[in-house]
Amino acid sequence: MTTTEVGAPAPAPDRSPPPRRRAWLGGAWWLLPPLVMALLGGWLLAQPRSLWYDELFTAEMAPLPVGRLFDAVVSGEGLLPYLRDAPPSYNGPYYAVAHVWLLVTGLSPDEWGLRLLSVVAAVAAVAVLTRAVGRLAGTGVAVAAGLVAATNPFVVQYAAEARGYSIALLGTALAALGLARWLDGRPRSLLLYGAGVAAAGLAHWFAVPVAAGFAVAAAVLRGRRARPVVAATALGAGPALALVATAVANGVGASGAEWIAGVGLAVPVQLFQSWSGAWTPLVVATGLAGAVGLLWPAAGGRDARVVAAAWVGVPVVAVTAVELVRPVYVDRYLLPALLGLPVLVALAARAWRPVAVVLLGTVLATSLWATAREVRLGPKEDVRGAVAAVARAHRPGEPVVAAARWDALGVDHYTRREHRSLVADVVLPPAPVPAAATVWVVRRSRDGVKGDREKLAALDQELTGRGMQVVEERRFEGRYAGVLVQRWERAPAPT
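Residues numbered from 1 in each chain as written. Predicted model: local features only at pLDDT ≥ 70, side-chain atom pairs only at ≥ 80, totals over all residues. Heavy atoms only, no water.

**Some remarks on the overall build of the protein chain**
Inference 1: If you tally the helices and strands in the protein chain, you get 20 helices and five strands.
Inference 2: A separation threshold of at least 6 residues defines the contact pool for the protein chain, and within that pool the share at least 24 residues apart is 78%.
Inference 3: Accessible surface computed for the protein chain: about 22200 Å², of which carbon and sulfur atoms make up 63%. (Helix = DSSP H or I, 4+ residues; strand = E, 2+ residues; numbered from the N terminus. Contact = heavy atoms within 4.5 Å. Areas by Shrake-Rupley, 256 points an atom, 1.4 Å probe, with all protein chains shown as cover.)

Below, the structure is given as structure tokens:
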């Protein structure tokens with residue numbers, strides 16, 4: 001026991017900072033959502049799924065030199081012999097990023113190497129989104145919004161796809177963080193905002209309407225003082241708009257979009273269905289929570305509500321308006337716009353707490369269930385399985401024919417990378433089919449565009465005209481399309 005002498009000064013209070021571990025834990029609240037995104041994205045990444053058509057195009061473009069990609073974007077010329085009418089164009093910047101990624105990491109342009117880039121970008125996007133919402137509405141809403149985004153089946157699905165969607169999400173989240181900091185009185189944050197807008201637009205130009213939504217939100221919240229935001233939006237969107245103008249100028253324009261079917265005024269409904277995995281419990285819970293977050297005055301956070309509403313609303317209205325003129329709607333193209341929805345859902349937790357917390361918990365639980373169901377589904381197209389089946393039964397000298405350009409991409413990729421014994425016998429359109437007693441045909445079971453349907457019919461007529469018939473057929477199921485492997489042989493002579 002110690003004593004203090006009478007009249008001695010009192011000991012100074014301990015002003016030393018708290019232990020580093022405690023401070024780190026206290027400031028690491030925003031790490032939970034990206035950790036969840038990493039776990040779910042990694043789980044999906046670990047599934048042995050074949051690349052599908054769009055991803056196969058990435059696998060062929062990403063290894064090419066950046067200069068060659070740039071020349072193809074400017075000229076509008078395709079880089080694959082059987083896809084001369086499909087240049088890199090709008091996705092050229094993403095292929096350049098994927099090229100650098102492969103160069104730096106040393107990974108191969110396969111299911112793991114390409115999809116890992118998307119998962120990393122998605123994890124970063126959720127982390128930045130959480131920080132942005134923290135600026136707008138506080139820690140609790142930020143963590144809730146990040147978790148809603150990280151567990152959503154639509155987000156997770158495209159977080160592990162070898163396309164530019166995750167990078168578009170990251171750019172959008174960076175723009176949101178820059179806007180949130182600007183609303184908080186930090187004018188220099190417009191540099192971050194503009195860079196995010198540019199990155200998102202170059203990753204996918206459908207992110208440009210999201211930037212327009214941010215500009216509208218800034219104008220609603222700050223009036224004339226928002227003019228710098230409008231200017232930064234225009235500058236940031238410039239590169240993406242220049243990319244679109246280049247595609248129009250070189251004649252690419254809407255080529256490759258023939259498959260898009262018009263949905264008219266149903267855009268909002270179909271988009272919400274995609275976000276919710278078309279699962280009724282998640283549709284209802286998300287709809288109720290989002291409505292409470294948007295409309296209930298007790299939810300507070302005016303800045304967050306206005307930004308989130310414009311984030312989703314402006315792009316959806318814009319695409320719906322264009323859809324009335326010509327078909328443009330594809331649900332995944334609007335994924336960056338849907339990042340505003342978790343903010344509205346999270347704001348519901350600040351409204352009527354007993355009910356709102358139950359709603360939020362229901363959204364998270366049903367999202368996890370829907371995401372788990374998504375992970376358990378098979379590939380979109382099982383071209384890899386089809387080519388492997390051919391390789392097991394094929395004999396040298398038997399032609400392996402890709403029926404149309406849709407099929408050529410997968411057959412070309414997987415024979416060169418996994419079944420090189422087939423390469424000498426592969427026949428890609430428009431090459432003629434050599435005469436042989438046995439011909440293998442790999443074809444999609446879903447109709448493609450008109451030219452592909454004509455090619456399929458012509459191939460069948462040609463082989464039938466040679467006196468051949470299908471003696472064996474195997475179907476490899478996929479969520480987007482099945483893949484058929486057919487073995488054609490000469491019909492026996494009549495006796």
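**Some points on the confidence of the model for the protein chain**
Inference 1: Averaged over every residue, the pLDDT of the protein chain is 89; the share at 70 or more is 89%.
Inference 2: In the model, residues 1-26 has pLDDT below 50 throughout and makes one contact with residues more than four positions away in sequence or in other chains. (pLDDT = per-residue confidence, 0-100.)

**Description of the packing of helix H2 (residues 32-45) against helix H6 (residues 111-137)**
Inference 1: Two elements in contact, H2 and H6, have axes separated by 8 Å at closest approach and are oriented at 160°. On the basis of the axis angle, H2 is roughly antiparallel to H6. The crossing of H2 and H6 is right-handed. Counted together, Pro 33, Pro 34, Met 37, Ala 38, Gly 41, Gly 42 and Leu 45 of H2 and Glu 111, Trp 112, Arg 115, Leu 116, Val 119, Ala 122, Val 123, Val 126, Ala 127 and Thr 130 of H6 form the full contact between these two elements.
Inference 2: Here the residues of the contact of H2 with H6 are counted per class, giving twelve nonpolar, three polar and two charged. (Axes fitted to C-alpha atoms, helices over the stretch in contact; angles between N-to-C directions. Parallel < 35°, antiparallel > 145°, perpendicular 65-115°, else oblique. Left-handed = near helix turned anticlockwise from the far one by under 90°. Nonpolar A, V, L, I, M, F, W, Y, C, P; charged D, E, K, R; others polar.)

**Remarks on helix H5 (residues 92-105)**
Inference 1: Look at H5: 20 Å from first C-alpha to last across 14 residues, which is about the 20 Å you get at 1.5 Å a residue.
Inference 2: Among all positions in H5, only Gly 92, Tyr 94, Tyr 95, Ala 96, Ala 98, His 99, Trp 101 and Leu 102 are buried.
Inference 3: For H5, the secondary structure elements touched by its buried residues are helix H3 (53-61), helix H4 (66-75), H6 and helix H9 (165-183).
Inference 4: Of the residues trailing H5, Gly 106 is marked for its positive phi of about 75°. (Expected span 1.5 Å × (residues − 1). Buried < 20%, exposed > 50% of the residue type's maximum accessible area, 1.4 Å probe, protein only.)

**Remarks on the pairing of strand S3 (residues 438-444)**
Inference 1: Along S3, seven of the seven residues are buried, which leaves the element largely enclosed by surrounding structure.
Inference 2: Every second residue of S3 is oriented toward a common face, with Thr 438, Trp 440, Val 442 and Arg 444 on one face and Val 439, Val 441 and Arg 443 on the other, all of them buried.
Inference 3: Bridging between strand S1 (residues 400-402) and S3 involves three bridges; their strand directions are parallel. Residue pairing in the sheet places Ala 402 in a bridge with Val 442 of S3.
Inference 4: Relative to strand S5 (residues 483-490), S3 runs antiparallel, the two being bridged by seven bridges. Across the sheet, residue Val 439 finds its bridge partner in S5, namely Trp 488. (Pairing = 2+ DSSP bridges.)

**A closer look at the packing of aromatic side chains**
Inference 1: In the structure shown here, the tally under the stated rule is twelve aromatic pairs.
Inference 2: Between the aromatic rings of Tyr 90 and Trp 205, the centroid separation amounts to 6.1 Å while the plane-to-plane angle is 35°, which identifies the pairing as tilted. One end of the pair, Tyr 90, is in the loop between H4 and H5; the other, Trp 205, is in the loop between helix H10 (190-203) and helix H11 (208-222), and 115 residues separate them in sequence.
Inference 3: For Trp 205, a relative accessible area of 34% gives the class partly exposed.
Inference 4: Relative to Tyr 95, the ring of Tyr 94 has its centre 5.7 Å away and its plane inclined at 55°; by these criteria the two rings are tilted.
Inference 5: Given the relative accessible area of 2%, Tyr 94 is considered buried.
Inference 6: Looking at Tyr 95, the relative accessible area reads 1%, which means it is buried.
Inference 7: One aromatic cluster is present, built from ring pairs that chain together Tyr 90, Trp 205, Phe 206 and Tyr 333. (Phe/Tyr/Trp six-rings, centres within 6.5 Å; stacked < 30°, edge-to-face > 60°.)

**Section: empty space enclosed by the protein**
It is the rolling of a water-molecule-sized probe over the atoms that shows where space remains empty.
Inference 1: Tallying each qualifying case throughout the model produces five cavities of 30 Å³ or more.
Inference 2: Around the largest cavity sit 13 residues that line it, and Arg 49, Arg 115, Ala 160, Glu 161 and Arg 479 are the ones nearest its centre.
Inference 3: Across the lining of the largest cavity, the residue classes break down as four nonpolar, two polar and seven charged.
Inference 4: Counted as a void, the second largest cavity has a volume near 60 Å³.
Inference 5: Forming the walls of the second largest cavity are Glu 381, Val 383, Trp 406, Asp 407, Gly 410, Val 411, Val 442, Arg 444 and Val 483.
Inference 6: Broken down by secondary-structure element, the contributors of at least two residues to the lining of the second largest cavity are helix H19 (405-418) and S3.
Inference 7: Among the elements that line the lining of the second largest cavity, the one with the most residues is H19, at four residues.
Inference 8: Of the residues belonging to the lining of the second largest cavity, the class tally is five nonpolar, one polar and three charged. (1 Å grid on protein atoms, 1.4 Å probe; cavity = no way out; pocket = protein on both sides within 12 Å on 5 of 7 lines; lining within 4 Å. Points joined across faces, edges and corners; volume = space filled by probe spheres on them.)

**Some details on the layout of surface pockets**
Inference 1: Size it by volume and the second largest pocket reaches roughly 290 Å³.
Inference 2: In terms of lining residues, the second largest pocket is bounded by 16 residues, among which Phe 272, Leu 294, Val 312, Leu 341 and Leu 344 are the most central.
Inference 3: Those elements that place two or more of their residues in the lining of the second largest pocket are helix H13 (267-275), helix H14 (280-295), helix H15 (302-323) and helix H16 (340-347).
Inference 4: Taken together, the residues that form the lining of the second largest pocket break down as twelve nonpolar, four polar and no charged.

**Brief notes about the sheet that holds strand S2 (residues 426-427)**
Inference 1: Here we have five strands laid out as an open sheet, ordered S2-S1-S3-S5-S4, and mixed in their pairing. Single-partner strands in this sheet number two, and they are S2 and strand S4 (468-476).
Inference 2: Here H19 sits on the sheet in contact with S1, S2 and S3, set at roughly 115° to S3.

**Let's talk about a nonpolar patch on the surface**
Inference 1: Taken together, Val 66, Val 100, Leu 103 and Val 104 make up a surface patch of nonpolar side chains, about 390 Å² in accessible area.
Inference 2: Turning to its location among the elements, Val 66 is positioned in helix H4. (Patch = residues over 30% accessible without salt bridge, like charges linked within 9 Å, V, L, I, M, F, W, Y side chains within 5 Å. Salt bridge = Lys/Arg side-chain N within 4 Å of Asp/Glu carboxyl O.)

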